[in-house]
Amino acid sequence: MSDYTLLIQMMNGVQYGLLLFLIASGLTLIFGIMGVINIAHGSFYMVGAYLAWSLTGLTGGFWSALALGVVLSIILGVILEWIFIRFLYDKNHLQQVLLTYGLILIFSELRSILWGDDVHSVAIPSILEGTFQLTESLSYPFYRLWLSLVCIAIAGLMYFLISHTRLGMMVRAGESNREMTVALGINIGLIYRFVFALGVSLAAFAGMIASPVSSVFPGMGNQVLIVSFVVVVIGGLGSIKGALLAAILVGLLDTFGKVVQFDVFGMNIFPSLSGMSIFLLMAIILIVRPQGIFGASTK
């Protein structure tokens, strides 16, 4: 593998990892702050992709579809928290899993009714079409580079919001001690609603910006949900920086596992093992550090 090919695969791995971070960050926020296991999170990614496809056709442009889709996903998050999720805060994890699994079934049926069961594609916006040359024979798409930069910008905004704003201070207070936060006069229900809506919108936004580089199809949220849970476990429950580091590690490992040549008895074993490699990484991390890389110790 040449140096430039290695660079392209590294950029692909980082781009995939940053996209995983958008999804997993919402998942780790919802669980880490609200204590809710939300297995319907992958459905929000799917909804975002379908919104990008349908709204692009309705509005005539990807950017307007993106803006409208973000607003709709925030509204969706607020409604879901108000109707369903707010009743789960004092429930055990089994009840949380059962209810959010029910949401998966609901979203699957609604998707089939509203958008059908066909596979769709979303056109790359014209301003980001094309590639830039790395060598005479190798190039990299502008859209993938833009996608990576957007994810990095959102990661920075999330860090600033959680760590350096009054709202972030109230969110962290609610995570640390819910009863004391309520005693101080903070509306913890409103904080939780904000956190859940943020998590939903992050997953939906990830689906929207990923749609031009991947197909929009039924069940697309199922696989990404599993990988997102792996990212959350590796990074540490409730840790945004842990989710970022873990997502990039998983993205690089998955990408290079599919392209690296490693022959055993004349057979290249890496592509067949690439799917397993991220779970092996999770197992190693849990053995060495059970709470995850940046997770709080329970001792």
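The coordinates are above.
The rules behind these values
- Residues numbered from 1 in each chain as written.
- Predicted model: local features only at pLDDT ≥ 70, side-chain atom pairs only at ≥ 80, totals over all residues.
- Heavy atoms only, no water.
- Helix = DSSP H or I, 4+ residues; strand = E, 2+ residues; numbered from the N terminus.
- Buried < 20%, exposed > 50% of the residue type's maximum accessible area, 1.4 Å probe, protein only.
- Contact = heavy atoms within 4.5 Å.
- Areas by Shrake-Rupley, 256 points an atom, 1.4 Å probe, with all protein chains shown as cover.
- Lys, Arg positive; Asp, Glu negative; His and termini not counted.
- Charge placed at Lys NZ, Arg CZ, Asp CG, Glu CD.
- Axes fitted to C-alpha atoms, helices over the stretch in contact; angles between N-to-C directions.
- Parallel < 35°, antiparallel > 145°, perpendicular 65-115°, else oblique.
- Left-handed = near helix turned anticlockwise from the far one by under 90°.
- Expected span 1.5 Å × (residues − 1).
- Core = buried A, V, L, I, M, F, W, Y, C linked by side-chain atoms within 4.5 Å.
- Phe/Tyr/Trp six-rings, centres within 6.5 Å; stacked < 30°, edge-to-face > 60°.
- Salt bridge = Lys/Arg side-chain N within 4 Å of Asp/Glu carboxyl O.

Looking only at helices and strands, one finds 11 helices and 4 strands in the protein chain. If one aligns the C-alpha atoms of the protein chain with their principal axes, the spans along those axes are about 65 × 50 × 35 Å. Classification of the 299 residues of the protein chain by burial places 45% in the buried group. Sequence separation of at least 24 residues holds for 75% of the intrachain contacts in the protein chain that already meet a minimum separation of 6. When the accessible area of the protein chain is evaluated, it comes to approximately 14,800 Å², of which 69% is carbon and sulfur surface. When the 12 basic and 12 acidic side-chain charges of the protein chain are each reduced to a single mean position, those positions are 15 Å apart.

So, on to the packing of helix H2 (residues 41–59) against helix H3 (residues 62–83). For the pair H2 and H3, interaxial distance at closest approach is 8 Å and the crossing angle is 140°. In terms of axis orientation, H2 runs oblique to H3. In the packing of H2 onto H3, the handedness of the crossing is right-handed. Across the interface between the two elements, Phe44, Val47, Leu51, Ala52, Leu55, Thr56 and Thr59 of H2 pack against Phe62, Ser64, Ala65, Leu68, Gly69, Leu72, Leu76 and Leu80 of H3.

Position of Leu29 relative to the elements: it lies in helix H1 (residues 3–34). Its relative accessible area of 4% is what places Leu29 among the buried residues. Note: C-alpha distance between Leu29 and Ile293 (264 residues apart in sequence) is 16 Å. Those residues in contact with Leu29, other than ones at most four positions away along the chain, are Met34, Met158, Val195, Leu198 and Ile240.

Below, the discussion takes up helix H9 (residues 220–235). For H9, built from 16 residues, the straight-helix expectation of 22 Å at 1.5 Å per residue is met to within 8% by its first-to-last C-alpha distance of 23 Å. Trailing H9 by a residue or two, Gly236 shows a phi angle of about 110°, which is positive.

This part covers the side chain of Thr28. Inspection of the secondary structure puts Thr28 in helix H1. Residue contacts for Thr28: discarding those within four places in its chain leaves Ile33, Val232, Gly236, Leu237, Gly238, Ser239, Ile240 and Ala243.

Turning our eyes to something else, we now look at the nonpolar core. Among the nonpolar cores identified, the biggest contains 82 residues, and Leu22, Met34 and Ile209 are the most heavily contacted of them. Per-element tally for this core: the top contributor is helix H8 (residues 188–210), with 15 residues. The contact partners of Ile209, leaving out residues within four places of it in the chain, are Leu19, Leu22, Phe62, Leu66, Tyr143, Trp146, Leu147 and Cys151.

Right, let's talk about the packing of aromatic side chains for a bit. Following the criterion strictly, the structure yields 10 aromatic pairs and no others. Look at Phe44 and Phe196: their rings are 6.2 Å apart centre to centre, the planes differ by 85°, and that puts the pair in the edge-to-face class. Of this pair, Phe44 sits in helix H2 while Phe196 sits in helix H8, and the two are 152 residues apart along the sequence. Across this residue pair, the class does not change: Phe44 and Phe196 are buried.

At a closest axis distance of 10 Å, the pairing of helix H6 (residues 166–176) and H8 adopts a crossing angle of 105°. What the angle tells us is that H6 and H8 run roughly perpendicular. In this structure, H6 uses Leu167, Met170, Val171 and Gly174 to contact H8, whose residues at the interface are Ile188, Ile191, Tyr192, Phe194 and Val195.

For the structure on display, the rule yields 3 salt bridges. A salt bridge links Glu81 to Arg193, with the nearest nitrogen and oxygen atoms 2.5 Å apart. Of this pair, Glu81 sits in helix H3 while Arg193 sits in helix H8, placing them 112 residues apart in sequence. According to the relative accessible area criterion, Glu81 is buried, its value standing at 1%. When the shortest N-O distance is used, the salt bridge between Arg178 and Asp90 registers 3.5 Å. Here Arg178, found in helix H7 (residues 178–183), pairs with Asp90, found in the loop between H3 and helix H4 (93–115); they are 88 residues apart in sequence, far enough to count as distant.

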